[in-house]
Every structure is written in C-alpha cells, then in structure tokens.
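Below are the chains, spelled out letter by letter.
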Amino acid sequence: MADSMEIDDSLYSRQRYVLGDRAMHQMAQSSVFLSGMGALGVEIAKNIVLAGVKAVTLHDSRQCEVWDLGTNFFIREEDVHSQKKRVEAVHTRVAELNPYVQVSVSTVALDDNTDLSFLLNYQCVVLTETRLTLQKRINNFCHSQQPPIKFIGCDVFGICSRVFCDFGESFEVSDPTGEESKELFIQNITQDNPGVVTCMDNHTHGLQTGQSVCFREINGMSELNGITRQVTVVSPYSFAIGDTSSFQSYLHGGIFRMIKIPKTYSFETMEQQLHDPRLLIPDLSKPEAPLQIHATMIALDMFQEQHKRLPSIGCLQDSEVLLKLTEEVNETLKNKVCVNPSLVRCVSRCAKGCLSPLAPAVGGIASQEVLKALTGKFTPLQQWFYLDALEVVLPLQSLPAEEFAPRGDRYDALRACIGESLCLDLHKLHIFMVGCGAIGCEMLKNFALLGVGLARCSGEVCVTDPDLIEKSNLNRQFLFRPHHIQKPKSLTAAQATLEINSELQIAAQLNKVCPATEDMYNDAFYSRLNLVVTALDNVEARRYVDSRSVSNQKALLDSGTMGTKGHTEIIVPYLTESYNSHRDPPEEEIPFCTLKSFPAVIEHTIQWARDKFESAFSHKPSMFNMFWQSHLSAEDVLQRMKLGESMEGGFQVIKLLSRRPTHWDHCLALARLKFDKYFKRKALQLLHSFPLDTRLKDGTLFWQSPKRPPSPLEFDVKDSLHFGFVVSTARLFAEIYNVPYSEENLCYDAVSSVLAEVKIPEYRPAEKHIETDETAKKPDQMKLTVSSEEEREAISQLEEVITSGFITPESLRMTPLIFEKDDDSNGHMDFVETASALRARMYSIEAADRLQTKRIAGKIIPAIATATATVAGLVALEMIKVVGGYGFESFKNCFFNLAIPVVVLTETAHVKRIQIRDDISFSIWDRWSITGHEDFTLSDFINAVREKYGIEPTMVVHGVKMLYVPVMPGHSKRLKLTMQKLIKPSVERKYVDLTVSFAPEADGDEDLPGPPVRYYFSREAESSERA
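This section reports on the structure supplied with the text. Keep in mind that this is a model prediction, so the values were computed, not measured.

**Here's the deal with the nonpolar core**
Within soluble globular proteins, side chains that are nonpolar tend to cluster in buried spots.
Right, so step 1: Residues Leu 58, Ile 138, Ile 159, Leu 355, Ile 418, Phe 447 and Met 879 are the most contacted members of the largest nonpolar core, which totals 179 residues.
Right, so step 2: It is helix H28 (residues 865–883) that contributes the most residues to this core, 12 residues altogether.
Right, so step 3: Grouped together as the second largest cluster of nonpolar side chains are 77 residues, Leu 595, Phe 613, Phe 624 and Leu 686 included.

Below is the structure:
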C-alpha cells in the first residue's frame, strides 16, 4: 500500500470499516520512528505494521538476553545464544507481517548529544525504554517543528505502564468518534422559536447539544432542505434547531443526518505537563490512582537518572529511596495527591520485571494513538494514560524475597512480579480456548510469554477452531502469513506459538464447540480443565460455552471487539454472574413488508438483495436437489400429481425444471426477465394497488415518509448498472445450472446482441394482496397453498419436459451457492451491489458504495489489531488473578473505546442467590446431587432430595422430557418406577442432570425453581466422577 494508493481490500477490508479510506491513504504516506524493542516496543511495531503505515524505523541498541524471551514474542532462543542485537532479531519478523510496509533498523546511540535533525523524516516519533530527560529533549524538538512531529512516549515498568501524547499546539481531528452518522425520519417540526424536531416512532436521536444536523426530503417546511442547523437537545426523541416561525408549516416526511464537524485539540510538551498532567481515569473506584502512579513513575525515572539502574528486586532500601523521591515529586505537583506507600513499594519491587500482559494492553492503546497522530481520525489521548496491575501483586506482598529472585530463565521478568509459586501454577494450567482468530492469536502469544500450560509441568492449552485462514485475517491475526492461507487456524497458530515458546503443550483441534460435539467436549473433558477462554465472534457460541462452563463450575474469561471498542468479562465460580446472566436486547428485525415492498433506507435494499441471492441461488437449488433425492423419477412424480397427491415443494421444483437453461444465452434471458420483474413490474404493480393519491382511513396520504413511492425502471443496456445486474445474475444462473460460458460471452457487444432478441411479455396488473402490516411474518413458500389452475399448469409443464426428452440425471441436479463476500471473482457481491443499487434508484434512496454494501450484506464486524491486542492483554491479567485464587474485589471487567479514547474498569457483577425458602437458597453455580442404585425409584429420589436439602420437589424434568408433573395424567403412577426405567440411560452413562422445581409457599403462586440436581445411578458412578 505504501507504493500504490490502491487499497488492498482483500487484506485491509475489516480495518477499512474502522478507519475509512481517507485515513488509510494518510497512513500509507506516513513514516514512524519507534525506539526500544522491549515488550512494549515490539507490540507497537506489530500493531502499526499490521495497520499499514508507509514505513517504520525500529531503533534499539541492546543485545538479546534470556530475560527477553519472556517479554518479546519475536526474540528466539537462537537470537540469545548468537548474541544478536534485539532490533536485528525482530526486524525480519516484524517486516513479514505486512509486505506493503517498509521496515528498516537503526542502532545508533540516542542520547543527549545526538543531532535530532534525522527525525524530520518522520511524521511520528514513539519512544519506549527511554530516560525521561531524553524523552523531554526529543519531545521539545518534535513540538517545535512546523508542522510539529507527533510525539508519543510510553513505558512498562513491572506492574505499571504509561502513555504520553503530544501532537502539537493545534491538531485537527476530522472525525472525533468514528461513529457512523445516523439518518432518522422526522415525525414533526414545530413552527416556533425555537422550532422543535421530533423523531419518528420514538427513535432516540443520540445527539448532543452543539452538534449539527442537515435536513432533506421535508414536505411543507421545505426551507430546511439542504440546510445545516446546530441542535439543542430537548429530550432523547426531540431537539431544537433555532427559529422556524417564518417558515412554511411542516406537512410530512423528512430525514435528518448528523454532520461531523472537525475539532482542534491543543497539546503541551511533556516538560509542561509533568507537574500539572491531564489524565485519563480508567477505574472510577480509584480516581486518585493515575496521579499516584504518575508521581511514582516520575520518581522511578529520577531513581534511574541518579543510580543508572532500576530498583533491585525485593530491596527494601531501594523501595524507601523511591518512596522518598515520590513524596518529593508530589510536592512539585500543582494538584497534590495522597502518596500510596503500598503502591510505591510494589512498583519498586517489580520495576526490573515485566508483567507481560501489560505490554499488549497498553501497547494497543499507544498504537491507536500513533494511527490518530498520522491520520487525524478519532479523538487523541490528552495527554497521559496510566494502567497498573496493583491488584495482581498486592496479595503477594507477604511472600519471602526468594520467591521473586531471578533464576536465569525466560520467566525471570514475570517471576519478579508474581513470584515462583504463581509462575508454577501458570505452567501447570489446563486451559481450553474456543476460537483462534484475532483474539485467539493474541491470547496464544500471551500464553507463550507467561508459560501457560507447559509440557514439563503436565499443563496443556487445548485450542479449537474449525475455520481456515483467509487473506483478510492477516491484517490482525498476526500468527498467520500469506503461505498459511487456506490452512486450519488452530493448527497453524499452535505451530507459530511453539516458535515463541517450545515448552508449551498445545492440543490443536478443528471442532466447533456446540451441542453436536458434546460427546467430545463432555463433562469428563471439562473436569480436567482449570479454566475456559472464549475468543469468539458471535453471541450464540458464547452463550453455549458459558452454559457448559457454569454447569461444570469452571472459570470463563470472555472478551470481544468491534472496531475500536472492546470488552472483557471475567466469570468466576461462586463469585460472579455468568455471561448468560445478562442479555442484550435482540437486534431489530426489518419488517417483512418493508423489505418486500416499502424500503426506506439503503440497509433495506441491501438486505433485500442479499435475501434474493439466498432464495434464488442457495435455497431453491438446495430444495430442488432434496426433492429429486427423495423421489424416484419425474414420471413417478407426474403419476402421483395426477392422482391428486400433494407433494411439498413440487410446484416450485417443476417451475425450476421447466425453465432450466441449457445455454449461456438462456441464462442472460432469464437475468433480463428478472430485471423486468424486480425493477419495473414490481413498481407498476405497487402503483396500481396504491396510486399516488391513495389515502388511509384517517385521511393521511399512504405514500408519505417513511414509505417511498417507486418509479419503474426501463432497461437500458448502455446503463452500466443495468448491464452489471444482468451479467452478474446470468453468471450466477450459469453456476447453479452448471452452464458453461467464456470471458468473451461477458463483453458488452456479445451481451447486448443476445439481449436484443429477448422477448419481454407485456405487463398486466394483477389484483393481489400486498402486505402492509409491519408485524406480519414472511410466509413459508413450501407451505403456500397451490390453486387447481397452478396444479394443472405444473402437471402440463412436467409432461412437456418428460416428452421433450430433456430429463437426464444432470438435469435433476443443481449447484447451490454459499454467499462469499470476500471473493470478488465469484460475482456474488456484483449481484448484491447492482441489485441493491437498482432497487435504491427505483425508490429514490441514496445508493451505497461497494464497501458499505459488502459490510451490510456480509454482516462484517469492523476490526483492527490495536483493540484486539488491548483486549487480550486485559484478559491475560485477569487470568493470573483467577489462577491465584484471588478474591472478588480483585477482578475487573473492562469496556473501552480507543477512538474516544475511554477505558472503564469496573468490578464484576456479584453472583445473585435465589431464595427458595427462608433458609434455602442457591446460585447459578450450585448443583445438588443425589446418589441412587439400580432399584432406586422416582419416589425414592423425591424423598432423598427432601431429606438432604430440606425441601420436596414437585416437578422433575430431564432435558425436554417431563419425568414427573403431578397434574399430568398417569404421572402419579410413575413414582413407583425406577429412575433407570424412566431415564433409560446408555450403558456408559454414570449420571444425569435433572431440573427440579418446588411448591410455592402460597397457593396460586408459580412453582419455585431450584438448582440442577445431578443424579448418580450408583455409588461407583459418583466415586469415579470425583476421582
């Protein structure tokens, strides 16, 4: 991308939806100088190279050490043995992340005497592992240039990290939020001073006072059309727009859209900011923490300047010196803070080490700031961000000093922070990770650096993902390279992870985790695990994995991203709620009648086109194949139809068979007829059923916002959109009917000569019902009643096909297509794009470009490596707490949006207990158990529950089977039956989980729910499970 302004969509498609093409082009012309190839530097290098800047210079002068193996994922054991410089070791590995980025190295000394004029070649300078005095010198140089060179300073010391940004005195941002401008329909506008706009159907406008909106398509108060007005919010559904009293009265219709206004931000130098810092506060439960860490880390910088080293691990004298320096720094602050001695001592003890997950967590944030600096896209950090992991180390303060002492291996930097015992616990872990995409790759890298699941400690990381690698994955799934395309994600990622740390034991699998694979991922499998990590991209899969984790009482670490936004959720047995404890509101479905006849916005036309693809090229061919697989022959079908037998799907199948094209010209003719049907006849029929002057019962016009009257389109082969639709549709027909064609068949002259011969039947209006009820559901085509006339026509068509000798085994087979948005050669997106654009034209809706159409049609989730790195780093920090068995108060969930930027750390939700009786309650984590034997009856089971838990079940259910419901006929007789007979378990089945409920205390109330009750069929079964 650096050499050409053409954006490689096959690589960057997911990121384009985050940044936009303007920002992508700006990045492709920008160079970055990045100093320090430690834990943080290599994270930033990875993220900005994946993003696609023009050039990056990696600067470092240090040599590889064993220590680096636990913090830098691009340094290998052979680099340490051959005493390579760090920058030389990582250079090739960083460069191969993105062929469009020029990656160079520099090992020159960067000190107080260096001539800084070489930095004029860069648009952004990023310093890590750099002394504070040198950072200030370089920052002053960058700030003084015209235009200023954007400056970012960032560090990780043990358990603390920081980011500082200075983008000059006047930095313009074109798009502060990156949110898509919403378009909303107008219900009313008052003729007043101020005039108040009300949104249609109580939709919230999401505006803030001071923002601007632009109006169009207003009937009546037309003076507002094309005008931009600043808003004052009145309510979530209305806003004032200034004086409208002199305008015409509002009649109906109209759309408003938020206008993005560029914003300018002013920055001070680091020197100016040190004593009066502008800080982002991530954890509102400890608002004083950022300023406390600021003072502590400035003191740490001073300690380094004075002693030419960091505080020694576990040295009490050094920690007291650092505490004194922190108090001195605090005195120089404009807003003084209460110095936290416990924090300072923890920072001192860990400063030489590195809690490696902090590097991706803060590295993702710093990398996003680099991209903001280069593009002016999103709100920049003003100006300091601090992230600490104090909760990880506070419980470890009482451990002896030798716990943290170095042992000369790759885990020394980690050991300095969390101690040898917790390191060993990580090494012994048995983890199950579901998904191996962007978050999965980042998590595996974090596992490798932390030494999670080592073979020598009998640990294991089990990862499963059924997907193969695609080119678009390479932009953020950093363990994959171009030669891995079409290889399994899990196997490839496992191999790449072992290159980072060969000590890991990784079991890579290609299975989905769902009810169909429950035999494989059964309770016995979960019983061997310590915790579960999800790296998934859909809610349904998350809910399933969560339910399995809860029923097996295993901790679950969940996370996800969408563009620059990310979340983490930590689920711990008996302490927290689970993922299923909260439900997001379901996505609003587009009403069937809106899609079919009354589209109002471009999303409706895109979804309509996507549905047409699914129906014509996937569903109908699949139905055709299934029909002929279950029927002996066409003759047999004909006989049965003549006898009046109803055959599901038969009518549609015969229609497909009778119209089956055998030549390319037939495919073109079919496509041309589709154009006429979709874009001319549909409009004519609607206007016949509902003429433009149609009024509703209340006297209002039928065709008013949001309903748009259609305009029939006359086919014009010279119109590129018309031509494109016919060719793409014909290609897809050729695919499903296995009709050959050549490139020559697709040229303009060849296509137009065929189309000139196509006879288009004259349109005759039909008297048919057009659905206008927005609550009506789409009818099932298979179950539609067929008229006797249609039946006769189907019989006649089938007879004709049989007598023509047209039927062969090949003619009774079609090739269903699976929609693939990322392959431009297959014509799938060509069809959706042209069909959607033509429908938009027919309804006077502003068309979308191909990129937007692809995102909506393909349900693409925008994604960028920066957010992925941050989310995985935060999850890995929480994982250490889970493994350490920390208390509820230690755990943090996180929501962030790197675009704004905002990072919010919150306590996890405490698990709720459900009261059955005054003295009996349970939570989602509880499970009762009853052990029976061969002759154990249902009555014995009910008595056993009452005796053991103090309450008698009134209903017992196994899965979907009701074992005992007193009001059901004959159920009282079941009390004498054995549990074996009622449940009929397979031979190997040792237990079942039953759902029970209990009688309410007051008559008429609903039955009370209870926890699941695990019923063991024998004492031996219970013993073997607990073993």
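That was the structure; now back to the text.
**Details of empty space enclosed by the protein**
Right, so step 1: Overall, the coordinates contain 2 cavities of 30 Å³ or more when judged by the stated rule.
Right, so step 2: The space that makes up the largest cavity amounts to roughly 200 Å³.
Right, so step 3: The wall of the largest cavity is formed by 21 residues, among which Leu 387, Asp 388, Glu 391, Lys 892 and Leu 905 lie closest to the centre.
Right, so step 4: Within the residue set of the lining of the largest cavity, elements represented by two or more residues are helix H8 (289–307), strand E17 (384–388), helix H12 (390–393), H28 and strand E24 (892–897).
Right, so step 5: The element best represented in the lining of the largest cavity is H28, accounting for 4 residues.
Right, so step 6: Counted as a void, the second largest cavity has a volume near 30 Å³.

**Some thoughts on helix H9 (residues 316–332)**
Right, so step 1: With 17 residues, H9 should reach 24 Å at 1.5 Å per residue; the first-to-last C-alpha distance of 25 Å fits that figure.
Right, so step 2: Among all positions in H9, only Asp 318, Ser 319, Leu 322, Leu 323, Leu 325, Thr 326, Val 329 and Asn 330 are buried.
Right, so step 3: Looking at the buried residues of H9, the elements they touch are H8 and helix H10 (341–350).

**Focus on the packing of helix H19 (residues 602–629) against helix H27 (residues 850–857)**
What describes two packed helices is the angle between their axes and the distance between those same axes.
Right, so step 1: Orientation of H19 relative to H27, taken along the N-to-C sense of each, is 65°, at an axis distance of 9 Å. Relative to H27, the crossing made by H19 is right-handed. Across the interface between the two elements, Ile 602, Glu 603, Ile 606 and Arg 610 of H19 pack against Gln 852, Thr 853, Ile 856 and Ala 857 of H27.
Right, so step 2: Broken down by class, the residue content of the contact of H19 with H27 amounts to 4 nonpolar, 2 polar and 2 charged.

**Some remarks on the packing of aromatic side chains**
Right, so step 1: Throughout the structure, instances matching the rule amount to 49 aromatic pairs.
Right, so step 2: With a centroid separation of 5.1 Å and an interplanar angle of 40°, the aromatic rings of Phe 167 and Phe 267 are classed as tilted. With Phe 167 in the loop between strand E6 (160–166) and strand E7 (171–173) and Phe 267 in the loop between strand E15 (263–265) and helix H7 (270–273), the pair connects residues that are 100 residues apart, well separated along the chain.
Right, so step 3: Owing to a relative accessible area of 1%, Phe 167 belongs among the buried residues under this scheme.
Right, so step 4: Through pairs of rings, three or more aromatic residues link up here, namely Trp 608, Phe 613, Phe 617, Phe 675, Tyr 678, Phe 679, Phe 715, Phe 725, Phe 733, Tyr 737, Phe 819 and Phe 831.

**Re the sheet that holds strand E18 (residues 430–434)**
Whenever strands of a sheet pair, they do so through backbone hydrogen bonds, lying parallel or antiparallel.
Right, so step 1: Spatial strand order, E20-E19-E18-E21-E22-E23-E24-E25: 8 strands in an open sheet with mixed pairing. Taken across any chain shown, the strands that pair with only one partner, and hence form the sheet edges, are strand E20 (506–509) and strand E25 (902–907). Taken over all neighbouring pairs, the strand axes of this sheet differ in orientation by 15° on average, direction set aside.
Right, so step 2: Sheet topology note: the E24/E25 ladder contains 6 bridges and is antiparallel. From the neighbouring strand, Phe 895 faces E25, where its bridge partner is Val 904.

Cut-offs and rules
- Along every chain, residues carry numbers that run from 1 in the direction the sequence is written.
- In view of the model being predicted, local features appear only for residues whose pLDDT reaches at least 70, and side-chain atom pairs are presented and counted only at 80 or more, with totals across whole chains, interfaces and linings using the full set of residues.
- Only hydrogens and water are set aside when side-chain values are computed; all heavy atoms of the structure are taken into account.
- Nine residue types can take part in a nonpolar core, namely buried Ala, Val, Leu, Ile, Met, Phe, Trp, Tyr and Cys, and a core is a set of them joined through side-chain atoms within 4.5 Å.
- Note on classification: 1.4 Å probe, protein chains only; a residue is buried when its accessible area is under 20% of the maximum for its type, exposed when over 50%, partly exposed between these limits.
- Helix and strand assignments come from DSSP, with helices taken as H or I runs of at least 4 residues and strands as E runs of at least 2, each series counted from the N terminus.
- Only protein atoms enter the 1 Å grid, on which a cavity is a set of points fitting a 1.4 Å probe that cannot get out and a pocket is an open set with protein on both sides within 12 Å along at least 5 of 7 lines, lining residues being those with an atom within 4 Å of a point.
- Grid points are joined across faces, edges and corners, and a volume is the space filled by probe spheres set on the points.
- To estimate the expected span of a helix, count its residues, drop one, and scale the result by 1.5 Å.
- In what follows, residue pairs with any heavy atoms lying within 4.5 Å of each other are defined as contacts.
- Working convention: axes come from line fits to C-alpha atoms, limited for helices to the stretch in contact. Angles between N-to-C directions cover 0 to 180 degrees.
- Crossings are sorted by hand: turned counterclockwise from the far helix by less than a right angle, the near helix makes the crossing left-handed, and turned clockwise it makes it right-handed.
- We call Asp, Glu, Lys and Arg charged. Ala, Val, Leu, Ile, Met, Phe, Trp, Tyr, Cys and Pro are nonpolar, and the rest, Gly among them, are polar.
- Note on ring pairs: Phe, Tyr and Trp rings are taken, using the six-membered ring of Trp, and paired if centres are within 6.5 Å. Classes follow the plane angle, with under 30 degrees stacked, over 60 edge-to-face and the rest tilted.
- Pairing between two strands requires that DSSP report at least two bridges joining them.

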